[in-house]
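# Breakdown of the fold
Residue-level listing of the chains:
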Amino acid sequence: MFHSTLALSLLLIAVSSNLAMAIKKEKRVPQTLSRGWGDEITWVQTYEEGLYQAKKSNKPLMVIHHLEDCQYCQALKKAFAENEEIQEMAQNNFVMLNLMHETTDKNLSPDGQYVPRIMFVDPSLTVRADITGRYSNRLYTYEPQDIPFLIENMKKALRLIQTEL
């Protein structure tokens, strides 16, 4: 009886140990600052850091406001991450920030606090309220089918730096 109990105990320990190891393997990888918007892009952590880097590097800051549980944000994120031209421009020509909360700068929400919302800030630290999306009721929102329009706005932000600064 003692041997049966010992064998059963050892079996339970082995099974629970293997189960614990399997659970540990299933844990999610810690999320990077990209939050799925593009792992090859260098992302800044805060709005203040973004402003500093924009001024220092003479590159525009692109601020993406989004929420994890927003289906529209998730759809835009997927299209953004899969578009090679956007990924290349974002990595090489912009200081990039994605936020899941509002900033204290009210200039980043001129027509309200909604998501998804993409705003540009030039290296002189001016929020470019003139670079808008296609929708009159939410000026700075983009949908997955608006990716070509977003690309044009990214190019516009780059052109404005060359002509205005």
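No experiment lies behind these values; they were computed from the predicted model shown. (Residues numbered from 1 in each chain as written. Predicted model: local features only at pLDDT ≥ 70, side-chain atom pairs only at ≥ 80, totals over all residues. Heavy atoms only, no water.)

## A word on the confidence of the model for the protein chain
Stated formally: The quantity called pLDDT is the predictor's confidence in a given residue, expressed from 0 to 100. Helix numbering and strand numbering both begin at the N terminus, where a helix is a DSSP run of H or I of at least 4 residues and a strand a DSSP run of E of at least 2. Should any heavy atoms of two residues lie within 4.5 Å, those residues are considered in contact.
For the protein chain, per-residue confidence averages 86 on the pLDDT scale, and 80% of positions sit at 70 or higher. Helix H4 (residues 84–93) holds the highest mean pLDDT among the elements of the protein chain, 98, whereas helix H1 (residues 2–26) holds the lowest, 51. Contacts from residues 26–30, a stretch scored under 50 in pLDDT, to residues over four places away or in other chains number zero contacts.

## Here's the deal with the pairing of strand E3 (residues 117–121)
How we decide: Only protein chains enter the accessibility calculation, which uses a 1.4 Å probe; a residue is then buried when its area is under 20% of its type maximum, exposed when over 50%, and partly exposed in between. Strand pairing is assigned whenever DSSP identifies at least 2 bridges connecting the two strands.
With five of five residues buried, E3 is to be regarded as a mostly interior element. Because side chains alternate across E3, one face comprises the buried residues Arg 117, Met 119 and Val 121, and the other comprises Ile 118 and Phe 120, equally buried. In this structure, strand E1 (residues 61–65) lies alongside E3, joined through five bridges in antiparallel fashion. Directly across from His 65, in E3, lies its bridge partner Arg 117.

## Remarks on the side chain of Thr 141
In plain terms, the rule: Any pair of N or O atoms that falls within 3.5 Å is considered a polar contact. Within protein, one atom must be able to donate a hydrogen and the other to accept it, and sequence-neighbouring residues count only if both atoms are side-chain atoms.
Inspection of the secondary structure puts Thr 141 in the loop between E3 and helix H5 (147–164). Among the polar contacts made by the side chain of Thr 141, one reaches the main-chain carbonyl oxygen of Pro 116 at a distance of 2.7 Å.

## Digging into the packing of aromatic side chains
What counts is decided by this rule: Stacked, tilted and edge-to-face are the three classes applied to pairs of Phe, Tyr and Trp rings, where Trp contributes its six-membered ring and a pair requires centres within 6.5 Å; stacked means planes under 30 degrees apart, edge-to-face means over 60, and tilted covers the rest. The criterion for a charge sitting over a ring is simple: Lys NZ or Arg CZ within 6 Å of the ring centre, and within 35 degrees of the ring normal.
Within the structure shown, the criterion is met by two aromatic pairs. The interplanar angle of 50° and the centroid separation of 6.0 Å between the aromatic rings of Phe 94 and Phe 120 together place this pair among those described as tilted. In this pair, Phe 94 is assigned in the loop between H4 and strand E2 (95–99) and Phe 120 in strand E3, connecting sequence segments 26 residues apart. The exposure classification of Phe 94 matches that of Phe 120, with both residues buried. Above the plane of the ring of Tyr 114 lies Arg 117, whose end atom (NZ or CZ) is 5.6 Å from the centre.

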